[in-house]
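# A structural walkthrough
Next come the chains, spelled out residue by residue.
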Amino acid sequence: MAENAGSTSRLRVITTMLHLAWQADRVAAVLAFVLAGLQAITQSFYGLWLMFIVDGIHSGSPLRVVVGAAGGVISIAATVSVAYGAQRAQSRLRDHTRYMMNGQILNLVGAAPTLELHESPQHLNQLDAFQREGHQLSQVLPRMVELCAVTVQIITTAVLMVRVSPVLLALPLFAVPSLLVSFKTSRIFRDSGRRAAEPARLAEHLVELTATPGGAKEVRLFRLQAEMQSRFQQAHHQIRRFDGRAQIQAAGWSLAGRLVFIAGYVGSIAFVVRQVTIGDATVGEAALIAVLAGQVLGLVSGSSEVLQLTIRSLVAADRFVSLQDVFGRAAQRGRSRAAEPQRLSHGISLRNVSYRYDGAAQPALEKIHLDLPAGSTVAVVGENGAGKSTLVKLLAGLYSPTSGTITIDGEDLASVDLTRWQDRVSAAFQDHARFELLAREAVALGDIETLSDDTSADLKVLDALERAAATDVLSALPRGLDTQLGSGWPAGVDLSGGQWQKLAISRAMMRRSPALLLLDEPSAALDPETEYRLFEAWSHVAQDLRERVGSITVLVSHRLSTVRMADSIIVLQHGTIAEHGSHEELIHKNGLYAELFHLQASGYR
Ligand SMILES: Nc1ncnc2c1ncn2[C@@H]1O[C@H](COP(=O)(O)OP(=O)(O)OP(=O)(O)O)[C@@H](O)[C@H]1O
């Protein structure tokens, strides 16, 4: 079920990011690295030109002075112009790769055929951290470019230092502890980020509850403002505590690393001064070393900083690559297997099917043994939490059974191409999506190909509205099918809960030949009369579908007056089938269904 979104090898993360940069914008990728490298080289040459000038003055050679001055001017001019180009290339590369990464995640998350990853707290945290670390992620490539520039500068500086004395090469060794500390501190920040992911998600959820219309109603009515505020503060306090602790630990380690370098720096300056006094180095070389040693100091603090930031951004990139892996594997699971049957001849069978949610103590469904014959209409009833929606999602291939098998005309659903099976399923859910698009689009999404067909789209949408007994929604829309839905958009209109639900049912009616139609309490917000009209309208089409493709309709409803129209009724209780039969059979049996039916009937008297 839940797979581990663990860490990937750093080398793979780096190569993935470089590949992504190449795909996103080749020109900017090449320019960013080349220009940053050039900038590093031109900067390192400042000391060399100074050496020419000082030695020229000291030895009375105007030519050396002129060469030094000209070189210095050219170096500065080149640094400034190259820096501008490098910055532009980096920001273009950053934007393009960021869009590409978001697009890839959207694609992968949407392509996973089951919902298990979406509901696993571990992966929710990973997805959430991916969103929150947007800034870090956008910095991955600029950091890598910067690191590359720092490396070039270190090499150039080392070459110039060797020119004076190889002993000076020991100076960068004193920087090693500083660099090692970078790895340690990045680990500290990564761990703290992981610990903070859950309270951060809670804090965002609380803000969303208070700010969105759905939650805001209850927050006001039940006077929950103070409670929300206090829980938000607690979550934030926790995040700050994790972060504060990480900052203090990281600062301690960094300070220790820098003290070691400062000792080496003081030592090398003393060494060069001694070389000049004994005549083993020129005054110009002393000036060169003074500049280079200063640069090394900047380079070391800079490079450890850059390394830390690079590692931090690579942690975000690691999450991206792990998510890519996990969702990619999930998407793959649904593909390249047996094709789903085009026409149902026998139907769907469940054998010993159990399903337990990740981390749940009890299974939501246990040992379900059931046959849904082709062409039948099956109603599922039962108290809240009995397992009705879980059964519906198993049939749609949105969950895979924890044990047992589901077969479609004898073919195990586990070996059927899930995405293609889902192409043959249509569904309307109680917790349906509210697509804030044009009304036409909100319905046509039920059969996405309709949207690309300008000539027949409206006819198909109107037909779906008709079959969903939802044409009255259209008459309430000021621009008909061209009305923008959602009051948050210019000229957008909001709909009532029942009207949104009717559009969701219309969406489910867009597919003309579904093998399986799932209606999971789609009419909970509708009045009984509308619900009755909906099923009456559907039963006309069902007859035709039954003959053409052997479609099965599964209806979950608490309204037993509607349910009685089904060919058979399944009564679920605590995740098992308590009763199964036609309305008449179940009434005759005088069990749980009969009791519920009489109870509801007396309520309407
Ligand atoms: N995502 C989930 N994670 C963990 N447990 C879940 C999840 N969804 C449902 N459950 C649990 O599984 C059991 C069955 O839930 P299900 O939604 O299938 O019931 P239902 O019969 O459709 O209920 P209702 O009539 O309230 O819609 C319940 O005990 C519920 O708490």
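All values derive from a computational prediction rather than experimental measurement.

Notably, asparagine 352 is not glycine yet its phi reads approximately 55 degrees, a positive angle. Looking at where asparagine 352 falls in the secondary structure, it is placed in strand β1 (residues 347-355). Asparagine 352 gets classed as exposed once you count the C-beta atoms within 10 Å, which come to 12. The backbone of histidine 574 shows a phi angle near 45 degrees, a positive value even though the residue is not glycine. On the neighbour-count criterion, histidine 574 (15 C-beta atoms within 10 Å) is partly exposed.

What describes two packed helices is the angle between their axes and the distance between those same axes. Relative orientation of the contacting elements helix α10 (residues 176-211) and helix α12 (residues 225-277) amounts to 170 degrees, with a least axis distance of 9 Å. Between α10 and α12, the angle falls in the class roughly antiparallel. Each residue belonging to the contact of α10 with α12 can be placed in one class, and the counts come to 22 nonpolar, nine polar and six charged.

Another point: the site of the ligand. Every one of the 12 residues lining the ligand counts as a neighbour, but Tyr357, Ala364, Asn384, Ser389 and Thr390 are closest to it. With three residues, the top contributor of residues to the shell around the ligand is helix α14 (residues 388-395). Among the residues forming the shell around the ligand, the class breakdown is four nonpolar, six polar and two charged.

Here the focus is the nonpolar core. Residues Val380, Leu395, Val443, Leu518, Val554 and Ile569 are the most contacted members of the largest nonpolar core, which totals 73 residues. Two domains share this core, each providing at least three of its residues, namely domain 2 (340-424 + 519-605) and domain 3 (432-512). In contact with leucine 395, other than residues within four places in its own chain, are Ile348, Leu516, Leu518 and Val554.

Next up on the list: the sheet that holds strand β4 (residues 403-408). Taken together, four strands build an open sheet; the order of strands is β2-β1-β4-β5 and the sheet is antiparallel. This sheet does not close on itself; its edge strands, each paired only once, are β2 (365-373) and β5 (411-412). Summarising the sheet, β4 and β5 pair through two bridges and their orientation is antiparallel. Within β5, the residue paired with threonine 407 across the bridge is aspartate 412.

Right, let's talk about the pairing of strand β6 (residues 425-429) for a bit. Of all five residues making up β6, four are buried, and the element is well covered by its neighbours. As paired strands, β6 and strand β7 (residues 516-520) are joined by five bridges and run parallel to one another. Each bridged residue has a counterpart across the sheet, and for alanine 427 the counterpart in β7 is leucine 518.

With that settled, the discussion passes to the packing of helix α2 (residues 26-44) against helix α8 (residues 140-164). Contact geometry for α2 and α8: axes closest at 8 Å, N-to-C directions at 30 degrees. When the interaxial angle is binned, α2 and α8 end up roughly parallel. For the crossing formed where α2 meets α8, the hand is right-handed. Facing Ala32, Phe33, Ala36, Gly37, Gln39, Ala40, Ile41, Gln43 and Ser44 of α2, the residues of α8 in contact are Val145, Glu146, Cys148, Ala149, Val152, Gln153, Thr156, Thr157 and Leu160.

With that settled, the discussion passes to the sheet that holds strand β9 (residues 568-573). As summarised here, the arrangement of the six strands in space is β6-β7-β8-β3-β9-β10, forming an open sheet in which the pairing is mixed. Of all the strands in the sheet, the pair left with one neighbour each is β6 and β10 (576-581). Geometrically, the sheet is characterised by an average inter-axis angle of 15 degrees between neighbouring strands, direction not taken into account. Of the pairings in the sheet, the one linking strand β3 (residues 377-382) to strand β8 (residues 552-556) comprises four bridges and is parallel in character. Paired with valine 378 across the bridge in β8 is valine 554.

Right, let's talk about the environment of aspartate 243 for a bit. Topologically, aspartate 243 is positioned in helix α12. Sequence separation between aspartate 243 and phenylalanine 189 is 54 residues; the distance between their C-alpha atoms is 7.7 Å. Filtering out sequence-adjacent residues up to four positions away, aspartate 243 remains in contact with Ser192 and Ala196.

Bringing the UniProt feature "transmembrane region" (unreviewed entry) in the protein chain into the picture now. Residues given the UniProt feature "transmembrane region" (unreviewed entry) here are residues 27-53, 65-86 and 167-185. Annotated as residues 167-185, this span is 74% helix and 0% strand, and its ends, taken at the C-alpha atoms, are 30 Å apart.

Taking 1.5 Å per residue as the helical rise, α12 with its 53 residues ought to reach 78 Å, and the 75 Å between its terminal C-alpha atoms agrees with that figure. Burial in α12 covers these residues: Ala235, Ile239, Phe242, Ala246, Ala250, Gly257, Arg258, Phe261, Gly264, Ser268 and Val272. After α12 finishes, the residue glycine 279 shows a positive phi value of roughly 85 degrees.

So, how was this worked out
- Residues numbered from 1 in each chain as written.
- Predicted model: local features only at pLDDT ≥ 70, side-chain atom pairs only at ≥ 80, totals over all residues.
- Helix = DSSP H or I, 4+ residues; strand = E, 2+ residues; numbered from the N terminus.
- Buried ≥ 20, exposed ≤ 12 C-beta atoms within 10 Å, placed from the backbone.
- Axes fitted to C-alpha atoms, helices over the stretch in contact; angles between N-to-C directions.
- Parallel < 35°, antiparallel > 145°, perpendicular 65-115°, else oblique.
- Nonpolar A, V, L, I, M, F, W, Y, C, P; charged D, E, K, R; others polar.
- Near = placed C-beta within 6 Å.
- Core = buried A, V, L, I, M, F, W, Y, C linked by C-beta atoms within 7 Å.
- Domains from an automatic or database assignment.
- Contact = placed C-beta atoms within 7 Å.
- Pairing = 2+ DSSP bridges.
- Left-handed = near helix turned anticlockwise from the far one by under 90°.
- UniProt positions renumbered as here; feature names shortened; annotations may be inferred.
- Expected span 1.5 Å × (residues − 1).

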